[in-house]
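Working through the structure, step by step
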Amino acid sequence: MTSQSPDGKITFKSPVRAPSAVPVDDAIIPFEVNALDLRGRIVRLGPALDDILTKHDYPAAVGKLLGEAIVLTTLLGSSLKFEGRFILQTQTDGPVSFLVVDFQAPDRLRAYARYDEARLKEAKDSGGLLGKGHLAMTIDQGPDMSRYQGLVALTGGSLEEAAHEYFLRSEQIPTRVRLAVGEEWSGGKHRWRAGGLLTQFLPKAPERARQADLHPGDAPEGTTLHTVEEDDAWVEGQSLVSTVEDIELIDPALSGERLLYRLFHERGVRVFKPLPLKAQCSCSRDAVAAMLKSFAPKDRAAMVQDDKVVVTCEFCSSVYQFTPHEAGVEEGTV
């Protein structure tokens, strides 16, 4: 069944059709499984992801990790109901010490990773690449609104595990996330692809969504832990999501609608209008010039090399050149 908006009212009189066999890249498909009180989003990334990753020619392991971060950010940021930004950022002691993904609602993505190439061989998986540190997720609604930030400790686990920990501790919404990134060789050309699935248990009766309290830590010995049995609908939903394989999430021949039908056809799945995505940096010559003017005069003067100031955007690798005068460097300070 289809609808124009995941927030629109749906009835059993909504039109029924076969799932589209046409794959749609660089798009998010919201969906709902009413019989299980599940709502979620599936994302497929192709050219947009390839554009972001190839601008820096990342090693395969770094590209895969940053791709996972881009998928996770897209799944979370696409839920924003306002013109704002969702920023995912990690700072760790691992070989990939810094990741940042900036999703500007409703459809713009940019990302960047900082890594130590000499240490990449130390890591056996994405958790090893990240190491220990923290993951921050920030919602920025604009200069006139307060920012919201959630933090999750990274202790050597994957981004999927970090996302589950975030929803358990911060949002307290039963949630499962799947992320997959791969490299495709077609016609002698290399391309990056990625896919992701986010599913949440959102029953109309709030008591059905209750979860067990967090472990009491250093509570006195003998303290009884509070337990809540998982709802049968959520148990079924998790079981279905756990069957999704990485290749299904990134397969260029398998549409997102068909994948959702594979998972939930027995219960009935409703899909909504796809939301397009694009790789687009927000940098500009004017923005870089304004940034330069925010520096102290002596710092601006130190940037002058060969009678010019050159600034390279870390996100998109665009290069901006300024004369000392254009950069706000005072005469006689160079």
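Our subject in this report is the structure included herewith. Because the structure is a prediction, the values reported are computed rather than measured. (Residues numbered from 1 in each chain as written. Predicted model: local features only at pLDDT ≥ 70, side-chain atom pairs only at ≥ 80, totals over all residues. Heavy atoms only, no water.)

This part takes up the pairing of strand β9 (residues 175–186). Across twelve bridges, β9 lies against strand β10 (residues 189–201) in antiparallel orientation. Its bridge partner being in β10, arginine 176 is matched across the sheet by threonine 199. Following β9, the chain reverses through two residues before pairing antiparallel with β10; glycine 187 in that reversal takes a positive phi of roughly 60 degrees. (Pairing = 2+ DSSP bridges. Helix = DSSP H or I, 4+ residues; strand = E, 2+ residues; numbered from the N terminus.)

As defined by bridge partners, strand β4 (residues 85–92) adjoins strand β7 (residues 132–140) across eight bridges and the pair is classed as antiparallel. Along β7, the bridge assignment pairs threonine 92 with glycine 133. Here β7 runs beside strand β8 (residues 148–155); their pairing, made up of eight bridges, is antiparallel. Bridging from a neighbouring strand, lysine 132 pairs with threonine 155 of β8.

Attention now goes to the packing of aromatic side chains. Tallied over the entire structure, the rule returns four aromatic pairs. For the pair tyrosine 166 and phenylalanine 167, a centre-to-centre distance of 5.3 Å together with 75 degrees between the ring planes defines the contact as edge-to-face. When sorted by exposure, tyrosine 166 lands in the same class as phenylalanine 167, which is buried. Here the guanidinium or amino end of arginine 110 rests over the ring plane of phenylalanine 315, the centre of that ring lying 3.9 Å away. The positively charged end of arginine 285 is found above the aromatic ring belonging to phenylalanine 322, 4.3 Å away from the centroid. (Phe/Tyr/Trp six-rings, centres within 6.5 Å; stacked < 30°, edge-to-face > 60°. Buried < 20%, exposed > 50% of the residue type's maximum accessible area, 1.4 Å probe, protein only. Lys NZ or Arg CZ within 6 Å of the ring centre and 35° of its normal.)

Another aspect to go through is the nonpolar core. In this structure, Leu45, Leu66 and Ile70 are the most contacted members of the largest nonpolar core, which totals 56 residues. A total of nine residues in this core trace back to one element, the largest contributor, which is helix α2 (residues 60–77). Every residue in contact with leucine 45, bar those within four places of it in the chain, is listed here: Asp26, Ile70, Val71, Leu109, Trp192, Arg193, Ala194 and Leu277. By size, the runner-up hydrophobic cluster in this structure holds 22 residues, among which are Ile42, Phe201, Val244 and Phe264. (Core = buried A, V, L, I, M, F, W, Y, C linked by side-chain atoms within 4.5 Å. Contact = heavy atoms within 4.5 Å.)

Coordinates in, geometry out; function isn't part of it.
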